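A closer look at the structure
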Amino acid sequence: ISVPDENIFDELNLVDLYSAVNPAVVNITVFTESEGFLLPEGQGSGFVIDKEGDIVTNAHVVHGSEEVEVTFYDGSTFTAEVLGEDLDSDLAVVKVAQLLESITPVKLGDMDDLAVGQPVVAIGNPFGLEGTLTLGIISALGRTIPALTPFSIPQSIQTDAAINPGNSGGPLLNMDGEVIGVNAQIETDGLSRSNLGVGFAIPVSIVKKVIPGLIADGEYEWAWFGVRGGNVTPTLVEAMGLDMNKGAYIADVLSDGPAAAAGLEGAEEVETVRRRQVEVGGDIIVAIDGIP
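Below, the structure is looked at part by part. (Residues numbered from 1 in each chain as written. Predicted model: local features only at pLDDT ≥ 70, side-chain atom pairs only at ≥ 80, totals over all residues. Heavy atoms only, no water.)

**Quick word on the overall build of the protein chain**
In terms of helices and strands, the protein chain carries five helices and 18 strands. A principal-axis box enclosing the C-alpha atoms of the protein chain has dimensions of 65 × 60 × 40 Å. For the protein chain, contacts bridging at least 24 residues in sequence account for 59% of all contacts bridging at least 6. When the 12 basic and 44 acidic side-chain charges of the protein chain are each reduced to a single mean position, those positions are 9 Å apart. (Helix = DSSP H or I, 4+ residues; strand = E, 2+ residues; numbered from the N terminus. Contact = heavy atoms within 4.5 Å. Lys, Arg positive; Asp, Glu negative; His and termini not counted. Charge placed at Lys NZ, Arg CZ, Asp CG, Glu CD.)

Rendered as structure tokens:
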């Protein structure tokens, strides 16, 4: 077992990281129309991705807005244009006409370098408190979180770094100050909007995939499968007499989707096994191109 550098949480390291990255983190205020007036409706965070003034945030921060304002670390505020939104990944890009010369865009990290237990930092504007830094670790990798559509966001990062309303759209950073995710969601007990130590960030791998399309075209078109299903379960194994205990089970195939065109089939009927209803008869995917 390798022991982390005892200075990984060193005060100077965090001070330098914050000093380098915080100028690129912005506060985003969205306005919507009400009775003929534009009123502030919500608030979130974002970060500068390039010298052209493009800023990454969450789609749920700016979706439905009439106008967007961006406030930088020095208090200067500019009206921003929403270049594009991708509701499937909950990512969006807004753009300011001119970027402050003092701002250095963030650097993007690599998912392959991440590990559970690795220290991470979140910078954002929780409850409107600009430029807040919080520290934690990667609690888990490979989480699936809901998108703003019926689809889900895979390979998301779970962290215990404090994330609260207003942090949405801000960066989750490794200790080199590289963005490894976009803070997006928190898990609550249903009684409070505050952090309970379980937050989620959209992975940098999806950021790298989606953001260039939003900047260039205002949208990103995902490939899709056209099925509904889940994991192979013990009740499914028993109901269908399977000789396998893992795989992706197809319960339903959309008639006009890619999977239907490829000849995949969904469940044919429902059976009761140990007082549980199970959809049976569907195909089971055990490998793709020979990869389990």
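Now that the structure has been shown, the text picks up again.
**Focus on the pairing of strand S6 (residues 91–95)**
Judged by how many residues are buried, S6 sits mostly within the fold: four of five residues are covered. For strand S3 (residues 54–57) and S6, the ladder comprises four bridges, and the chain directions are antiparallel. Residue pairing across strands places Thr57 opposite Ala92, the latter belonging to S6. Where strand S5 (residues 77–86) lies against S6, five bridges are found, and the strand directions are antiparallel. Counted as the bridge partner of Glu85 is Ala92 from S6. Between the antiparallel neighbours S5 and S6 lie four residues, among them Asp90 with a positive phi of about 55°. (Buried < 20%, exposed > 50% of the residue type's maximum accessible area, 1.4 Å probe, protein only. Pairing = 2+ DSSP bridges.)

**Quick notes on the side chain of Asp50**
As for its position among the elements, Asp50 is in the loop between strand S2 (37–48) and S3. For the buried Asp50, which has no salt bridge, the nearest side chain bearing the opposite charge is Lys95, at an N-O separation of 5.4 Å. For Asp50, the side chain forms a polar contact with the main-chain nitrogen of Gly53, separated by 3.3 Å. Setting aside anything within four residues of it in sequence, one finds Asp50 in contact with Leu99, Pro105 and Ile215. (Salt bridge = Lys/Arg side-chain N within 4 Å of Asp/Glu carboxyl O. Polar contact = N/O pair within 3.5 Å; in protein donor to acceptor, adjacent residues only side chain to side chain.)

**A word on the pairing of strand S15 (residues 248–253)**
Note: strand S14 (residues 227–231) against S15, five bridges, orientation antiparallel. Paired with Arg228 across the bridge in S15 is Asp252. Inspection of the sheet shows S15 paired to strand S18 (residues 284–285) by two bridges, in the antiparallel sense. The partner of Tyr249 across the bridge, within S18, is Ile284.

**Details of the pattern of salt bridges**
Think of it this way: side chains of opposite charge can pair up when their charged atoms draw near. Applying the stated criterion to the full structure yields three salt bridges. For Asp54, the salt bridge is made with Lys95, and the minimal N-O distance between the two is 3.3 Å. Of this pair, Asp54 sits in strand S3 while Lys95 sits in strand S6, placing them 41 residues apart in sequence. Judged by its relative accessible area of 3%, Asp54 falls in the buried class. With its nearest N and O atoms 3.0 Å apart, the salt bridge here joins Glu238 to Arg274. Here Arg274 lies in the loop between strand S16 (269–273) and strand S17 (276–280) and Glu238 lies in helix H4 (residues 234–240), a separation of 36 residues in the sequence. Judged by relative accessible area, Arg274 falls into the partly exposed class, the value being 48%.

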